[in-house]
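# What the coordinates show
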Number of protein chains: 2
Amino acid sequence: MRKLLNHELERKTVEQFRTSEKAPFIIVLDNVRSQSNVGSIFRTADAFLTEAIYLCGITSSPPHREIQKTALGATESVTWKYYSKTADAISELKGKGYKIIALEQTDESVVLQNLHIENDQRYALIFGHEVNGVDQEILNKCDLCAEIPQFGTKHSFNIAISVGIVLWELNKKRLPV
Amino acid sequence: MRKLLNHELERKTVEQFRTSEKAPFIIVLDNVRSQSNVGSIFRTADAFLTEAIYLCGITSSPPHREIQKTALGATESVTWKYYSKTADAISELKGKGYKIIALEQTDESVVLQNLHIENDQRYALIFGHEVNGVDQEILNKCDLCAEIPQFGTKHSFNIAISVGIVLWELNKKRLPV
C-alpha cells in the first residue's frame, strides 16, 4: 500500500471550494470558548464542504493566531459570519427556512443514528459552550435536539469531535452509499 | 427541551467501566506528536467503551499535564500500554488474532463507509503522526487501509477528529440500529 502524494489527493483550490455546491449544513457555535476548537471545526467543515460556520457571542472570529494554528488555512475556504447574539443567527436562519437542530443531551434528544434528514431541507446545527453546552434560551428556539450516544465515565465529547461525528453522519445520511 | 443534569446521564464509574464488555477496537498511535491530541483520543475512547489505546514511539504516556488537560480523567478508565516500537505492538496484536487496519490515504484505501466489520473479529486501528501519517514500514504490516473521504482544500483531518469519526462509524457497523 503506497501513501498518496499531496498532488494525488485532488484537493480543491480555495476558488474551486467557493464555487462548489455545498452540503446544506450551517454550523452555529453558541458561545464556544476555545479558539483551538474553533480552528479545528473550520478544518473539519472544509473537509465536508460545509455551507458555513456562524460564530456567536464569545466565540472568536478569524483572523486569530490560535484559530489559524488548528484551522491550517480552512478559514480562507469556509464561509463564516459573526453574530453577537446566537438568537439573532437563529431567527435569521429560521426566516430562511433552515431546520434548527441543537446537539445537546436533553429529555427529548434523538440519538444521532435515528435523526432523519430530508434531502430538500437545509439545516443549522447548534453546538454550545465547552462546559455549559447550548444555552437553554437557545434550546427553546430549536426544532429538535440530537445527541451522540456515549457509554463511558464522562458523557462529554470535545465539541470539535462532536462536530466531526455529526457532519460525517449527516453527510452519509444525505448521500447514502 | 430540558437539559439533563449530570446525575441523569447514567455515567459509569471507573470501576464499572473497567468491568464492562468493551467494543473490540484497540487504537494504536504510531508516533503521535501532540499530547493534547492524545488526551482528546482518551476522552473519545472512553465515550465509545474502547478496549485499549496503545501509545507507540514518540507518543507521550499518562500521567502528563498536557494529556490530562484534554483527557479530563479518561486516562483513569481507558486501558493503555506503551511500546517503544509500533512494529512490536503490531506483531503482538497479529499474534493475538487482531485484524490490523491503518487509517491512511493510500492507493488501496477503502473508504470508511465501505469498510466491512465482522462481528466475531477484533481490530487494531492504526493512526499516524500529525504531518507524516502512518509510517510506510508499518503500513506494509497492515491487513488493509481505510480513509475518510474528504472534499475540501486540505485533505487532512486532525487525528483526534479522525479517531472520533472512525470509532463512531465502526461501532455503528458493529451494532446496527
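Here goes a summary of the coordinates provided. (Residues numbered from 1 in each chain as written. Chains lettered and ligands numbered in written order. Predicted model: local features only at pLDDT ≥ 70, side-chain atom pairs only at ≥ 80, totals over all residues.)

## Describing the packing of helix 2 (residues 35–47) of chain B against helix 7 (residues 159–174) of chain B
All names here are of chain B. Where helix 2 contacts helix 7, the axes come no closer than 9 Å and their chain directions differ by 15 degrees. One way to sum up the angle between helix 2 and helix 7 is to call them roughly parallel. Two packed elements cross with a definite hand, and for helix 2 against helix 7 that hand is right-handed. Where helix 2 abuts helix 7, its residues Asn37, Ser40, Ile41 and Thr44 lie against Ile159, Ala160, Val163, Gly164 and Leu167. Classifying every residue of the contact of helix 2 with helix 7 by side-chain character gives five nonpolar, four polar and no charged. (Axes fitted to C-alpha atoms, helices over the stretch in contact; angles between N-to-C directions. Helix = DSSP H or I, 4+ residues; strand = E, 2+ residues; numbered from the N terminus. Parallel < 35°, antiparallel > 145°, perpendicular 65-115°, else oblique. Left-handed = near helix turned anticlockwise from the far one by under 90°. Contact = placed C-beta atoms within 7 Å. Nonpolar A, V, L, I, M, F, W, Y, C, P; charged D, E, K, R; others polar.)

## Concerning the nonpolar core
Ranked by size, the top nonpolar core spans 104 residues in total, and within it A:Ile27, A:Leu125, A:Ile126, B:Ile27, B:Leu125 and B:Ile126 carry the most contacts. Discounting residues that sit within four places of it in the chain, A:Ile126 has contacts with A:Val28, A:Asp30, A:Ile100, A:Ile101, A:Ala102, A:Leu103, A:Val134, A:Ile138 and A:Cys142. (Core = buried A, V, L, I, M, F, W, Y, C linked by C-beta atoms within 7 Å. Buried ≥ 20, exposed ≤ 12 C-beta atoms within 10 Å, placed from the backbone.)

## Here's the deal with the relation of the copies chain B and chain A
Between the two copies, chain B and chain A, the superposition gives an RMSD of 0.0 Å; the rotation angle is 180 degrees and the shift along the axis is 0.0 Å. Both copies of the chain, as the preceding transformation shows, are related through a two-fold rotation axis. Residue by residue, 100% of the interface of chain B is reproduced at the interface of chain A, so both copies engage with the same surface. (Least-squares fit on C-alpha atoms with pLDDT ≥ 70 in both.)

## Digging into the interface of chain B and chain A
Interface size is often expressed as the accessible area that is lost when the parts come together. Counting residues at the interface gives 48 residues for chain B and 48 residues for chain A. For the side of chain B that touches chain A, the secondary-structure elements that each account for two or more residues are helix 1 (14–19), helix 2, helix 4 (74–77), helix 6 (136–139) and helix 7 of chain B. By residue number, the principal contributor to the side of chain B that touches chain A is helix 7 of chain B, which donates six residues. A class-by-class count of the residues in the side of chain B that touches chain A yields 19 nonpolar, 18 polar and eleven charged.

## Some points on helix 7 of chain B
Along its 16 residues, helix 7 of chain B runs 22 Å from first to last C-alpha, staying within 8% of the 22 Å computed at 1.5 Å per residue. With 13 of its 16 residues buried, helix 7 of chain B lies for the most part within the structure. (Expected span 1.5 Å × (residues − 1).)

## Some remarks on the sheet that holds strand 6 (residues 123–127) of chain B
All names here are of chain B. Taken in spatial order, the seven strands make up an open sheet running 3-2-1-6-4-7-5, and their pairing is parallel. The open sheet has two free edges, formed respectively by strand 3 (80–83) and strand 5 (110–111), since each of these has just one partner strand. Relative to strand 6, strand 4 (residues 99–103) is paired through four bridges, and the arrangement is parallel. Residue Ile101 lies in a different strand from strand 6, and its bridge partner there is Leu125. In the packing of helix 2 onto the sheet, contacts are made with strand 1 (23–30) and strand 2 (50–56), and the angle to strand 2 comes to roughly 165 degrees. Contacting strand 1, strand 2, strand 3, strand 4 and strand 6, helix 5 (residues 86–95) runs over the sheet at an angle of about 160 degrees to strand 1. (Pairing = 2+ DSSP bridges.)

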